[in-house]
Amino acid sequence: MAESSESAAPAWREVFGFEEPYDAQADAIESALRAGHSHGFLAMEGPCGTGKTMAALTAGATLVRDGDYERVLVVTPVKQQRRQFVSDLRRLNAGLDIPLPGVALVGKRDLCPYGREEVFPPDVSVQNRCEDLRENTADLVESDGSSDDRPVAQAAVSPKIDDVWWDPQVASDLAKAARSGGIGQQAVAGALSTAGIESPYRRTQPTAPEDIGGEDPPLYCPFEADWFARNKGSPIGFAAGENHVLTAEEYLPGAVERGTCPHRAMKVLTEAADVVIGNYNHLFDPASRPLIESILDERTFVIVDEAHRLEGRVRDLLSDRLGRQTIVQARNDCHQLLSRARQSQDHKREVRARLGDHDVPLDVVDQAQDFFDDLLGWLDDRVAEHLDAEVGRSWRTDKSVLPEHDLEVPLRDPETPEPDELTRWAERAGYDGGFWRQLDTVGLAVEETLEDLEISRTPVVAAAGAITRRWWEADHATAFREIELEHAPRDDQRIEGWRGTYTAGLTLFDCLPAEPLARIFDDVGGGILMSATLEPLDVFTRVAGLDALADGDDGDGQAEHGEGRPVLTRSYGLSFPPENRASWIVDATPFTARNRGDPASMDPLGSEWNPTRDEYAHVLRAIARNPGNVLIAMPNYREATWAGAYLDDIVEKPVLVDESSSNEATEELKRDFFGGEGKVLVTSTRGTLTEGVDYDGAKLRAAAVVGVPLVNIGSPRVRAVQRAYGDVFGEDHAFEYALTIPAVRRARQAIGRVIRGADEVGVRALVGARYTPDARHSVYGYLSPAEREEFVTMSPEFLPDQIDRFWAER
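Residues numbered from 1 in each chain as written. Predicted model: local features only at pLDDT ≥ 70, side-chain atom pairs only at ≥ 80, totals over all residues. Heavy atoms only, no water.

(A) Seen up close, the overall build of the protein. Scanning the protein for helices and strands turns up 31 helices and 21 strands. Computed over the C-alpha atoms, the radius of gyration of the protein is 29 Å, within 12% of the 28 Å expected from 2.2 N^0.38 for a compact globule of 810 residues. The long-range fraction of contacts in the protein, counting pairs at least 24 apart against all pairs at least 6 apart in sequence, stands at 76%. Counting only carbon and sulfur atoms, one obtains 44% of the accessible surface of the protein, whose full area is about 35000 Å². Taken together, the 87 basic and 140 acidic charged side chains of the protein have centroids lying 3 Å from each other. (Helix = DSSP H or I, 4+ residues; strand = E, 2+ residues; numbered from the N terminus. Rg over C-alpha atoms; globule rule 2.2 N^0.38 Å. Contact = heavy atoms within 4.5 Å. Areas by Shrake-Rupley, 256 points an atom, 1.4 Å probe, with all protein chains shown as cover. Lys, Arg positive; Asp, Glu negative; His and termini not counted. Charge placed at Lys NZ, Arg CZ, Asp CG, Glu CD.)

Below, the structure written as C-alpha cells:
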C-alpha cells in the first residue's frame, strides 16, 4: 500500500529544488502526495509566492521515483508559466543523480520546417499540407516484405515498436534523394534553413524518384522519411537539453540539422519523458489530444495550472463553429465530385467505385449537396429576419444602420432546453436524424475521392460533416445553438446585404464542461489542479468535474474506480510581509448598470453625472494618485473609456486607456505603461491586462477593481449557461456558479497583480458595496479565507487619507 505523507516526507525533500520549502509549500507537497498515492486529486489555491510550481513538480517527481506513476503531465494556458515549469524542472533535476527527462511541447505549425519558411502554397494550411505529405511518404516507404536487410539510421531515443510495416532502407533513400547536393537532382534551389539551422535538404518540395514513386511520383516529406529510416526514432536525446529538459529551442534545430521531422521527434520524446509540459489544448482539445493520447492512462499524474481558467477555456475548446463560407465550400466540394461523375459513364463508375470503398452511394452525395445548399439559404434568411427585427428593414438599402458589434441570434429560448430552429427546419425539409448522422462519413468519402482524383486540393466537407453530425447529436440542455454574427465590415462592393458587415456562422456552444472534464480526469491516475484564485474550493471541485469522480462517477453515470476517488482541497494565503501592502474594500454605492447610468450620455467632466458616478469619480481620483504605476479595472471597456477621460483631465500623471484590440496594440500599451515615470492604466477587468501579465518589481504600485465584473447577463449564450448550471447544480446555485464566482475570480486576479515578491509594496482595493460582508447580493464570501481576514472595509471619504498614510509609513 502507499506510504503515508509522514514517511514520504524525506523522499520528497531529496527531490525538492531549493534548500528549504515555505511552510505552505511543504504542506502542499504532502497533500499532493496523499492525493497521488490514493489516485485522487488535490484542488489547491495558492497566491503568488506560494511556490506552487516547484511544489507540484516535487510531488509529481516523487510519485514517479516511488513507482506510483510513470510520468507527470503538466498543462497550463500561459506561456510564461510553461517557461516557469521548464525552469523549475531543470532546477529540480540539477540536484538529482538520475534526472527526470522532460520535454516541453509546441504546436505543429511552430515546428514544420516547410511551413515555418512558407514553402507550402499560400492557399494550403500547414496542417493539411503536412498530413498530405505524411500520407504520401507512408505509402512510399510501405514494405513489400521482399527485403530482410533493413539498416536503421541512428536514433538517440527509440520508441517501442511491435510491427515494422515500413522499409527503413527505402525511407533512407527518399531522405537522401532530397538532399540539397543530391546526385542527379533537378531544380536544386539551395538548402532549406529554419531556426538558424541549415537542413540537409533542398528548399524546393521533393518529388519521389521514379524507382520508388513510379511513373507519376508524388510529393513527399524527406523529414518524415528520415523519421521512418530511424524506425520512428528521435535523433535528439534528453541529454541535449539543460539538465535533461528539452524545449523547442533544442529539439527543433537539432532535428532539422539531422533531417528528421521535429514534430515527430517531439512525439517520440513525449512518450519517453518522465515529465511532459504542454498547454490546455493538448489535454482538453479533442483535435490536439491525439499527440499525447498514448500517455493518458492511470500511470500519468497530471498538473493543471491556472485552473481558474478551466471552465471557460474548456467550454471554448469543446464548442464548434461552422462558418458560412465553410458551408459554401462543403456544397461546392460535393458539386465538384458530382460534376466529375456526370462527365461520362467511365467517370461515374470511377467515382462510384471510390465512394463505394466508404459504403457511400453517389445519390447520397447529391443529397448532401442539396442539404448544404438549403442550409445556406436557411441561414441567410434567418439572419435577414433577425436584422429586420433588430433595426427594421432599412438596413437592406442603408447598411450604416447595422450595429457595429458582434450579434447573437439564438435558435431556441436559452432558458428552455428544446430542439432548436435549425433542427426543426431540417426535419420538416426531410433531413432526418439518419441523414445528419451520416454526414461525417459522406464528407470523408467525398473529400478522399476528390483528393484521389486530384479534383480539389483543399476540401472542407469532411470537417463540415463532422460538425453537423455533432449539431444533431448533442443534447439540448448542455449545448446551446445559435447563429453568431462577427462584426467584420469589408469594402468589397460586390458583397451584397449584411454579408459586407458580418461574418456568419452556426455555433454549437458547450454550456457545461463539468461532465467532459470528469471523463478526462478519470482517464489519468491522479493530479493537482491549482491557481491563485480557486476559492470557493467546494464550488470549484463541483464545476470542474472532480466531485463526480469522488462519487465514483466518471460523468457518464458509470464508476470507473468503484469506490470513488479522493478529492482534497487546500487554500493558502500570501506569504509576503503583510506590512508591505494595504488591502481595502471601499464601501461605495454598488456600481451597477442601473445605478451608474450610461457613460456615453454623460459629460466626462461631470456636469450631468448622477450621484453614483460622482461618488466613483472621487474614488478613482484617490486611487490614481497613488505613487508609481496604477492599474484601474472597470467592469467593461465602455466604463474604462469614461474613467480614462475623467482621470486624464484631473490627475497629473499620464493616463493610458486600454480597449479591445490586437495583441500588438496591447503589447505596445504595456511597453508605454512600464516605461518612464508613473502612469495610470485604465482597462476592463475582463480584458487581457488583468491576469497573466507579470507586473513584477516596481511595475505596479496600486490596483483597484471597480464593481463586480459580471459578463453580459442578457446574452442568450450566458442565459443558456445559467440554465444548464441550474439543471445540474440546482436553481439556487445557477447564477452563483455560472456567473458570480467566475466574476469574483477575475477581480481577485486583477488585484493580485500588485504584490508579486517579498520586497514589493502596494495598494489593493476592491471598490463597491457588494464586496462588503453584509451587503445585499454580497460577494464577500467568495473571497479566500486569507483575503476575508486581511481586507479592511472603509467608506470612500476615508480613502485619500488612508492612501497618504500608507505611503508615508513606507
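(B) Structural detail: the confidence of the model for the protein. Mean pLDDT over the protein: 91, with 95% of residues reaching 70 or higher. In the model, residues 1-9 has pLDDT below 50 throughout and makes ten contacts with residues more than four positions away in sequence or in other chains. A low-confidence stretch, residues 183-188 stays under pLDDT 50, and its non-local contacts, those more than four residues away or across chains, total eight contacts. (pLDDT = per-residue confidence, 0-100.)

(C) Quick peek at the sheet that holds strand β9 (residues 320-323). If you walk across this open sheet you meet the four strands as β9-β12-β11-β10, and the pairing is antiparallel. At either end of the open sheet lies a strand with only one pairing partner, and these are β9 and β10 (407-410). Going from strand to strand, the sheet's axes swing by 25° on average, the running direction of each strand aside. Pairing of β9 with strand β12 (residues 502-510), which is carried by four bridges, proceeds in the antiparallel orientation. Bridge assignment links R321 to a residue of β12, and that residue is T507. The strands that helix α14 (residues 324-341) touches are β9 and β12; relative to β9, the one it contacts most, it runs at about 65°. (Pairing = 2+ DSSP bridges. Axes fitted to C-alpha atoms, helices over the stretch in contact; angles between N-to-C directions.)

(D) Structural context of the packing of aromatic side chains. Taken as a whole and assessed by the stated rule, the structure comprises 31 aromatic pairs. The interplanar angle of 40° and the centroid separation of 5.9 Å between the aromatic rings of Y114 and F120 together place this pair among those described as tilted. Considered together, Y114 and F120 belong to a single accessibility category, that of buried residues. In this structure an aromatic cluster arises from ring pairing among F371, F372, W378, W425, Y431, F435, W436 and W472. Its end group placed over the ring of F674, K699 keeps NZ or CZ at 4.8 Å from the ring centre. (Phe/Tyr/Trp six-rings, centres within 6.5 Å; stacked < 30°, edge-to-face > 60°. Buried < 20%, exposed > 50% of the residue type's maximum accessible area, 1.4 Å probe, protein only. Lys NZ or Arg CZ within 6 Å of the ring centre and 35° of its normal.)

(E) Structural view of the side chain of R82. Mapped onto the secondary structure, R82 falls in helix α4 (residues 79-94). Although R82 is buried, it makes no salt bridge; D110 carries the closest opposite charge, 7.6 Å away. Once residues within four sequence positions are removed from consideration, R82 is found in contact with T76, P77, I277, G278 and N279. (Salt bridge = Lys/Arg side-chain N within 4 Å of Asp/Glu carboxyl O.)

(F) Local environment of the sheet that holds strand β16 (residues 630-634). On the basis of which strands lie adjacent, the open sheet formed by seven strands has the order β17-β18-β16-β19-β20-β15-β21 and parallel pairing. The sheet is open, and its two borders are formed by β17 (655-657) and β21 (792-794), each paired with just one other strand. With strand direction ignored, the average angle separating the axes of adjacent strands in the sheet is 20°. As defined by bridge partners, β17 adjoins strand β18 (residues 680-684) across three bridges and the pair is classed as parallel. Within the sheet, the bridge partner assigned to V655 lies in β18 and is V680.

(G) Region of the structure containing the pattern of salt bridges. Applying the stated criterion across every chain yields a total of 49 salt bridges. For the salt bridge of R638 with D598, the shortest nitrogen-to-oxygen distance reads 2.5 Å. Of the two residues, R638 is situated in helix α26 (residues 637-650) and D598 in the loop between α24 (593-596) and α25 (611-624); the sequence distance between them amounts to 40 residues. Residue D598 is classed as partly exposed on the basis of its relative accessible area, which comes to 36%. Beyond isolated ion pairs, a larger network of salt bridges with shared partners links K108, E131, R134, E224 and R264.

(H) Seen up close, helix α3 (residues 52-65). Between the first and last C-alpha of α3 there are 20 Å, a value that for 14 residues agrees with the 20 Å anticipated at 1.5 Å per step. Most of α3 is tucked away, with 13 of its 14 residues classed as buried. Among the residues trailing α3, G67 stands out with phi positive, at a value near 90°. (Expected span 1.5 Å × (residues − 1).)

(I) Broad picture of the state of the cysteines. Tallied over the full model, the rule gives zero disulfides. Among the cysteines around C112, which has no disulfide bond, C130 carries the closest sulfur, lying 5.1 Å off. Of the residues examined, C112 reaches a relative accessible area of 10% and is grouped as buried. (Disulfide = S-S within 2.5 Å.)

(J) Structural context of the side chain of R71. Looking at the secondary structure, you find R71 in strand β2 (residues 71-75). In terms of polar contacts, R71 uses its side chain to reach the side chain of E70, at 3.2 Å. Sequence-distant contacts of R71, defined by excluding residues within four places in its chain, comprise V64, A273, D274, I295, D297, R299, T300 and F301. (Polar contact = N/O pair within 3.5 Å; in protein donor to acceptor, adjacent residues only side chain to side chain.)

(K) Main features of the nonpolar core. Counting residues in each nonpolar core, the largest one holds 70 residues, and the members touching the most others are F284, V304, L310 and F521. Residues within four places of F284 in sequence aside, it is in contact with V75, R289, V304, L310, V314, L317, L318, L517, I520 and F521. If you look at the next biggest cluster of nonpolar residues, it comprises 54 residues, including A330, L355, W395 and Y502. (Core = buried A, V, L, I, M, F, W, Y, C linked by side-chain atoms within 4.5 Å.)

(L) Region of interest: a negative patch on the surface. Together, D173, E210, D211, E215, D216 and E454 make up a negatively charged patch on the protein surface. On the secondary structure map, E215 appears in the loop between α8 (210-213) and α9 (222-229). Classification of E215 by relative accessible area gives exposed; the value is 82%. (Patch = residues over 30% accessible without salt bridge, like charges linked within 9 Å, V, L, I, M, F, W, Y side chains within 5 Å.)

(M) Layout of the environment of A765. Tracing the backbone through its elements, the reader meets A765 in strand β20 (residues 762-767). Residue classification places A765 among the buried residues on the basis of a relative accessible area of 0%. On a C-alpha basis, the gap between A765 and I632 in space is 9.5 Å, while along the polypeptide they are 133 residues apart. Setting aside anything within four residues of it in sequence, one finds A765 in contact with W584, I623, A703, A704, V705 and I751.

(N) Layout of the environment of S583. With respect to the helices, strands and loops of the structure, S583 is situated in strand β15 (residues 581-586). Assessed through its relative accessible area of 6%, S583 is described here as buried. Taking the C-alpha atoms as reference points, S583 and V680, 97 residues apart in sequence, are found 19 Å from one another. Setting aside residues no more than four positions away along its own chain, S583 makes contact with R764, E790, F791 and V792. Polar contacts involving the side chain of S583 include one to the side chain of E790, which spans 3.3 Å.

(O) Here's a closer look at helix α7 (residues 168-177). By the burial criterion, the buried members of α7 are P168, A171, S172, L174, A175 and A177. Summarising the contacts, the buried residues of α7 are in contact with α6 (126-141), β5 (197-202), α8 and α9.

(P) View of the pairing of strand β8 (residues 300-304). Burial analysis of β8 places five of its five residues in the buried class, the great majority of the element. Two elements, β2 and β8, share five bridges in a ladder whose sense is parallel. Directly across from V72, in β8, lies its bridge partner F301.

(Q) Highlighting unusual backbone geometry. Here the amide bond leading from E535 into P536 is cis, since omega sits at -5°, within 30 degrees of zero. Along the chain, P536 turns up in the loop between β13 (526-531) and α22 (537-543).

(R) Representation of the packing of helix α28 (residues 716-729) against helix α29 (residues 731-751) in the model. It is at 7 Å that the axes of α28 and α29 come closest, and there the two elements cross at 130°. In terms of orientation, α28 lies oblique with respect to α29. Of the two possible hands of crossing, α28 and α29 adopt the one that is right-handed. Contacts between α28 and α29 involve V718, V721, Q722, R723, Y725, G726, D727 and F729 from the first element and E731, H733, A734, F735, Y737, A738 and L739 from the second. In the contact of α28 with α29, the residues fall into nine nonpolar, three polar and three charged. (Parallel < 35°, antiparallel > 145°, perpendicular 65-115°, else oblique. Left-handed = near helix turned anticlockwise from the far one by under 90°. Nonpolar A, V, L, I, M, F, W, Y, C, P; charged D, E, K, R; others polar.)

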